[in-house]
Amino acid sequence: MIIEPRTRGFICLTSHPKGCEQNVIDQIEYIKSKGAIDGAKKVLVIGASTGFGLASRITSAFGSGASTIGVFFEKPPAEGRPASPGWYNSAAFEKEAHKAGLYAKSINGDAFSNEIKKQTLDLIKTDLGQVDMVIYSLASPVRTHPDTGVKYKSVLKPIGAKFQNKTVDFHTGVVSEVSIEPAQGDDIDNTVAVMGGEDWKMWIDALKNEGLLAEGFTTIAYSYIGPSLTEAVYRKGTIGRAKDHLEATAFTISDSLKPLNGKAYVSVNKALVTQASSAIPVIPLYISLLYKVMKEEGIHEGCIEQIQRLFQDRLYADTTPTDDEGRIRIDDWEMRADVQARVAELWKEATTETLPKIGDLKGYEKDFFNLFGFMVEGVDYDEDVNELVEIPGLQ
């Protein structure tokens, strides 16, 4: 079939197998071009199919020669209906990993569930014995608690007062005002239950209790802080409370890993175009201005560049530098004072008319469509493609 992008709001309803494959190959080639990283050799990636999780799996495999198990929740293809992009990403990754002689298997299902945890633990026991690294990169709007069956839904809301500021529809380029009512009732608790650290700790506890964590084991989860421009709706909003919980959980996990000389980290990453960030008002406008500034400064990074630098210069350096809160800061270039001052100035000027000149909306749009395998260089979109792609190591 010939597959074209079909969008609804901040979601693309279709994905392109060849485009996703080329995207993965491009990331692999980038990692190979940067040289070997003396990192973990047996790696579990929870949330392995898109964004930072996918970049982490690629970096582990093709930077450190690691055996990887990826856990994700993706929609498989059907006749005449493309899969979700993470399915095609994972298929492409495994195909390339196997060609390179690397172990790579995947599990598709709800990572919050006890069933998927058990299936993953059984696979590790059988195939790897132990893991020396777990990357936790889940991004889900809902979570059913595995023990109580209660379903929690996260919300994106400010706390205490209504939020009003500019945003942009990146499809049309129209800059407008957005207003978000503050959190009410159980909004904060529900968001923490979905996006906080409880499930991360459940995974590590389950692995530890089964003796599946190697001596010197490391685990890392991903977070974001961002600038004052976005803090009311992000870091000081409901999501920020969840990130606070995630970051606090790193200390709890680290304490439990002391007998193994293990360590849990949270890495604060750069603002990037992801399916999740596209849904957050204000963020698309902020990112389009940030991209413009960082590209002009020669310090722009995508997911793969961020994770390569995180692994090479932070996680596997002689010492891992952290901030006063114990977090790894790989958002350091984004948060440079000169970069943020320039973005703040551009923010004041941003209108529908000025944005094409002062921002990088085209870069934002390209990155968004790239997530779904569209607008990828070297792909012929007029060509018939087979949507029924299989993941070779799917369990």
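This text follows the structure it describes.
Read on for an overview of the structure. Every value quoted in this text rests on a predicted model; they were computed, and no experiment measured them.

The next point concerns the packing of aromatic side chains. Summed over the entire model, instances satisfying the criterion amount to 10 aromatic pairs. Centre to centre, the rings of Phe 311 and Tyr 316 are 5.8 Å apart; their planes meet at 80°, and the pair counts as edge-to-face. By relative accessible area, which is 1% here, Phe 311 ends up buried. Relative to Phe 372, the ring of Phe 368 has its centre 5.2 Å away and its plane inclined at 55°; by these criteria the two rings are tilted. Both residues of the pair, Phe 368 and Phe 372, count as buried.

A few words now on the pairing of strand β11 (residues 213–223). Within a regular beta strand, the side chains point alternately toward one face of the sheet and then the other, so they alternate between its two faces. Judged by how many residues are buried, β11 sits mostly within the fold: 9 of 11 residues are covered. Examined bridge by bridge, strand β6 (residues 131–136) and β11 share 5 bridges and lie parallel to one another. From the neighbouring strand, Tyr 136 faces β11, where its bridge partner is Ala 221. Direction of pairing for β11 relative to strand β12 (residues 263–268): parallel, over a ladder of 6 bridges. Bridged to Tyr 222 within β12 is Ser 267.

Here we come to the environment of Lys 118. Residue position: Lys 118 is located in helix α4 (residues 114–128). C-alpha separation for the pair Lys 118 and Ile 304, spaced 186 residues apart in sequence, amounts to 30 Å.

Taking burial as the measure, the 6 residues of strand β4 (residues 67–72) include 6 buried ones, the bulk of the element. Taking every second residue as pointing to the same face, both faces of β4 are buried, with Ser 67, Ile 69 and Val 71 on one and Thr 68, Gly 70 and Phe 72 on the other. In terms of strand pairing, strand β3 (residues 42–46) meets β4 through 5 bridges, oriented parallel. Each bridged residue has a counterpart across the sheet, and for Val 45 the counterpart in β4 is Gly 70. One crossover worth recording links β3 to the parallel β4 by way of helix α2 (residues 51–64), and it is right-handed.

The next subject is the side chain of Thr 230. Residue placement: Thr 230 occurs in helix α7 (residues 228–231). Apart from residues lying up to four places away in sequence, Thr 230 is in contact with Arg 235, Val 282, Ile 283 and Tyr 286.

What follows is about the packing of helix α1 (residues 17–33) against helix α3 (residues 85–99). Packed helices, taken two at a time, are described by their axes: the angle between them and the distance between them. Here α1 crosses α3 at 50°, and the two axes come no closer than 8 Å. Judged by the inter-axis angle, α1 sits oblique to α3. Judged by the sense of rotation from one axis to the other, the crossing of α1 with α3 is right-handed. When α1 is examined against α3, the residues Pro 17, Cys 20, Glu 21, Val 24, Ile 25 and Ile 28 are found in contact with a partner set consisting of Pro 85, Tyr 88, Asn 89, Ala 92, Phe 93, Lys 95 and Glu 96. Split into classes, the residues belonging to the contact of α1 with α3 amount to 9 nonpolar, 1 polar and 3 charged.

Calculation criteria
Residues numbered from 1 in each chain as written. Predicted model: local features only at pLDDT ≥ 70, side-chain atom pairs only at ≥ 80, totals over all residues. Heavy atoms only, no water. Phe/Tyr/Trp six-rings, centres within 6.5 Å; stacked < 30°, edge-to-face > 60°. Buried < 20%, exposed > 50% of the residue type's maximum accessible area, 1.4 Å probe, protein only. Helix = DSSP H or I, 4+ residues; strand = E, 2+ residues; numbered from the N terminus. Pairing = 2+ DSSP bridges. Right-handed = clockwise from strand over helix to strand, strands pointing away. Contact = heavy atoms within 4.5 Å. Axes fitted to C-alpha atoms, helices over the stretch in contact; angles between N-to-C directions. Parallel < 35°, antiparallel > 145°, perpendicular 65-115°, else oblique. Left-handed = near helix turned anticlockwise from the far one by under 90°. Nonpolar A, V, L, I, M, F, W, Y, C, P; charged D, E, K, R; others polar.

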